[in-house]
Amino acid sequence: MSESLKNVLGWSLSNFNPENIMNNIHPDDKSRFVMYEQEVTNFFSKLKPDKVLKYKVNYDYRLRCADGSYKWILQQVSTIQTNEDGAVVRVLGVHTDITQLKTEEKAINLSFLGLDGEPSYYNVLTPYGQQKTPEASLFTRREKEIIQLVLLGSTTLEIASALYISPYTVSVHRKNILRKSNCKSFVELGSKALREGWI
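Every value quoted in this text rests on a predicted model; they were computed, and no experiment measured them.

Trainee: Before we go on, may I ask you to explain helix 3 (residues 27-45) in this structure?
Mentor: An α-helix turns once every 3.6 residues. As a result, residues three or four positions apart point the same way. Along its 19 residues, helix 3 runs 28 Å from first to last C-alpha, staying within 8% of the 27 Å computed at 1.5 Å per residue. Turning to helix 3, its buried residues are Asp29, Arg32, Phe33, Met35, Tyr36, Glu39, Val40, Phe43 and Phe44. Tucked into the core, helix 3 has its buried residues touching helix 2 (18-24), strand 1 (55-64), strand 2 (70-82) and strand 4 (111-114).

Encoded structure:
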């Protein structure tokens, strides 16, 4: 675990473990957390062994800090090692404090984000456990790259340089992204992208 755990949640590494996480998930989020984890197990058990490493899982929940307050945590997990049968052996989890990005108390639903050209499945379960039909990806691969760079603070010129395209092309992509997402700004898009699992 990262040393930044103490800065974000106030907990020391020595007394923070999976049991501690479960004990400190907000009571209103705990059943959803368990339901999502069951669906994650179900999803990966149906994948062919060579596909297991090609998915990232994400959703959010509230986690209690050492001072008793709660923060919204976006959990993103990728499998980094499997056995010969494709069973998950080791994962890499990135947990990000998104409290400041939450414009409403609506949770980010479970999504399976396909890597290396695999299809993505957004908002797989509703909070009430009803299966949803996977949605087609809203953005192209290039648009997703631009969204990530914009949200990291890159300018149009920096994005153009990084992706080896013209600034004009970046501007066109930016306009298309806002139109497709029905957002007025990239600040609004950032919040919506987290909520909808677009990044």
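Trainee: Can you help me understand the nonpolar core in this one?
Mentor: Judged by nonpolar contacts, the single largest core of 24 residues is most densely connected at Leu9, Phe44, Leu110 and Phe112. Elements with a minimum of two residues in this core: helix 1 (5-9), helix 3 and strand 1. Among the elements that line this core, the one with the most residues is helix 3, at six residues. In this structure, Phe112 is in contact with Glu39, Val40, Phe43, Phe44, Tyr55, Lys56, Val57, Pro119, Ser120, Tyr121 and Val124, ignoring residues within four places of it in sequence.

Rules used throughout
- Along each chain, the written sequence defines residue order, and numbers are assigned to residues from 1.
- Note on the predicted model: pLDDT of at least 70 is required for a residue's local features to be given, and 80 or more for side-chain atom pairs to be given and counted; whole-chain, interface and lining totals, by contrast, use all residues.
- With hydrogens and water set aside, each side-chain value is computed from the structure's full complement of heavy atoms.
- Elements are defined by DSSP. Helices are runs of H or I of four residues or more, strands are runs of E of two residues or more, and each kind is numbered from the N terminus.
- In this analysis, the expected span of each helix is defined as 1.5 Å times one less than the number of residues it contains.
- Residue burial is assigned from relative accessible area. The probe radius is 1.4 Å, only protein chains are included, and a residue is buried under 20% of its type maximum, exposed over 50%, and partly exposed in between.
- Any two residues having at least one pair of non-hydrogen atoms within 4.5 Å are treated as being in contact.
- To define a nonpolar core, start from buried Ala, Val, Leu, Ile, Met, Phe, Trp, Tyr and Cys residues and group those joined through side-chain atoms within 4.5 Å.

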